[in-house]
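An overview of the molecular structure
What follows is the residue order along each chain.
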Amino acid sequence: MSGERKKVPVAACSGIGKSLGAAAREAAHILTEDLRPDQAKVVALALLVMGDEEAGREVAGREAVAIDGCKLECAAKGLACAGAAKVRKVAVFDVVRRHRGLKPEGVCDLNEDGLTLAKAAAEEAAKAIDEIDPEGRHA
Amino acid sequence: MPDLPKKKVGLISCSGEELPEGTVTRRAVRKVLETLRPDETVTLCLPLFLAGGEGERAFARYYPTIAVDGCDQRCAARATEKYSAPPVASIVVTEVAKGCPREDIGTARRLNQRGLALAEEMAAKIAEEVDRELKAPRRSRAKAGEKH
Amino acid sequence: MSAEVLQVTVDKFTFRFPVDLFYSDAGAWVRFEGPRALIGISDFTQQRNGDVAFAEAKEPGTPVRAGDEVAVVETIKVNLTIPSPVSGRVVETNGDLLNSPELVNQDPYGKGWLAVLEVDDVEQARKALRTAEAYMTLAKTQAEAEVIR
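Structural notes, computed from the coordinates.

Reading the values: the criteria
Residues numbered from 1 in each chain as written. Chains lettered and ligands numbered in written order. Predicted model: local features only at pLDDT ≥ 70, side-chain atom pairs only at ≥ 80, totals over all residues. Heavy atoms only, no water. Pairing = 2+ DSSP bridges. Helix = DSSP H or I, 4+ residues; strand = E, 2+ residues; numbered from the N terminus. Axes fitted to C-alpha atoms, helices over the stretch in contact; angles between N-to-C directions. Contact = heavy atoms within 4.5 Å. Buried area = accessible area lost by both parts, 1.4 Å probe. Salt bridge = Lys/Arg side-chain N within 4 Å of Asp/Glu carboxyl O. Polar contact = N/O pair within 3.5 Å; in protein donor to acceptor, adjacent residues only side chain to side chain. Buried < 20%, exposed > 50% of the residue type's maximum accessible area, 1.4 Å probe, protein only.

Residues and elements named next belong to chain C. With antiparallel pairing, three strands are arranged side by side in an open sheet as β6-β8-β9. Because the sheet does not close on itself, it has two edges, and the strands there are β6 (52-57) and β9 (79-83). Between one strand and the next, the sheet's axes are offset by a mean angle of 20 degrees, whatever the strand orientation. Bridge count for strand β8 (residues 69-75) against β9 is five bridges, and the pairing is antiparallel. Considered in β9, the bridge of Glu74 is made with Asn79.

With that settled, the discussion passes to the interface of chain A and chain B. On the side of chain B, 27 residues touch chain A, which itself brings 30 residues to the contact. Taken as a group, Ile16, Arg25 and Met50 of chain A account for 30% of the area that chain A buries against chain B, more than any other trio of residues on that side. Where chain A meets chain B, there are five salt bridges. With a closest N to O distance of 2.6 Å, Asp109 of chain A and Arg27 of chain B form a salt bridge. There are 14 residue pairs in polar contact (both at pLDDT 80 or more) connecting chain A and chain B. For the side of chain A that touches chain B, the elements supplying multiple residues, two or more each, are α1 (19-35), β2 (40-42), α2 (45-49) and α4 (74-81) of chain A.

Take the pattern of salt bridges next. Across all of its chains, the model carries 31 salt bridges over all chains by this definition. Across the pair Lys89 of chain A and Glu73 of chain A runs a salt bridge, and its minimum N-O distance is 3.1 Å. Of this pair, Lys89 of chain A sits in strand β4 (residues 86-91) while Glu73 of chain A sits in the loop between β3 (63-68) and α4, and the two are 16 residues apart along the sequence. Judged by relative accessible area, Lys89 of chain A falls into the exposed class, the value being 53%. Here the salt bridges share partners, and the residues they tie into one network are Glu26, Glu33 and Asp34 of chain A together with Arg109 and Arg110 of chain B.

In this section: the interface of chain A and chain C. Of the residues lining the interface, 13 residues belong to chain A; the matching set on chain C comes to 17 residues. Between chain A and chain C, roughly 1,200 Å² of surface is buried when both sides are summed, and carbon and sulfur atoms account for 50% of that area. When the area that chain A buries against chain C is broken down by residue, the three leading residues are Arg97, Arg100 and Lys103 of chain A, summing to 55%. Our count for the contact surface shared by chain A and chain C stands at four salt bridges.

As structure tokens, this is what we get:
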């Protein structure tokens, strides 16, 4: 494989008010550190939206993955604003609906249910990464 | 300016997913909100703020708001000024960390003991600023007719 | 929905209360339409309890007395039992909530309705409920006491 492959940018909502935001943030770290470290990279959402050029270059014209805690979709909106060509959305909220009964708690320290949700969301995001970058997975 | 009931202070933290300092700021702000000054503070969600959250922006327009950032990019402080009004204080982790290298506090995902201690220090500093602001006279923050 | 809506702000949260509705202390709203009542949960109730993941009302045909469980709303934080604000019989439930429970959060007084009931005694039911202004006062007190985070 020649040249440096650019990693798929991932933005997480990191909402500080809800455990779902914390789960989205944790999911982004699980994705980029454990599941797809060679293919995915976290981009700071605030930097993107505030117009940071370096962050913008990571995203503009490229496919990206948004991991959002709730239906407000702040990360997806931020990526779209920054010029992402296509945003694949992973919503922790939808993951909650598929794992009925889980009650995530905590913002700084997620409880076990929160971590379970984060892992499930990360796995969904990993599938999105594989769709965007199928060669990277099999390299 | 609307008639405001009890004076409260808003806290807006950077989300800093890429840096451990971002995690320090989140932890510090939550500590102030949950433990140190629970009745006097409100957190504002920066991603929601940036995405157009009217409740967050309106609060920062009319209530004193402290921005807490992980690095010199000062995303929280700049966003507050851009969309609401200048923050009454802007604290950056590096100012409190006093030269402590980034590698020494853990990762964005998990802070180590030193990083946790730094978060406690930050929380104490934020609480001091909250107290200072609560004692200050109430003043109009939004300029008349100013819109963004 | 009526054009007139009362609102109150506590911290960064603004709660809305359409004046053409009646409200129970437990946080449900009622729109009387002849002998029937359209019910849901108030803006204050939905904000206080978080993102709705599931919302299920009793099946059509089920008789309920005021105070009996008429619906369950499961949020990220809690499982809420919604006491019926009126006595009567469930005649219709909101099928849209099966796939879009977030409607309860996004449009609590409109598309997020929970059920329609045939009311036993409309006048008696009205008397037992609060007006928008009275409920707003209650909600404000509760919000200030709780400090929703």
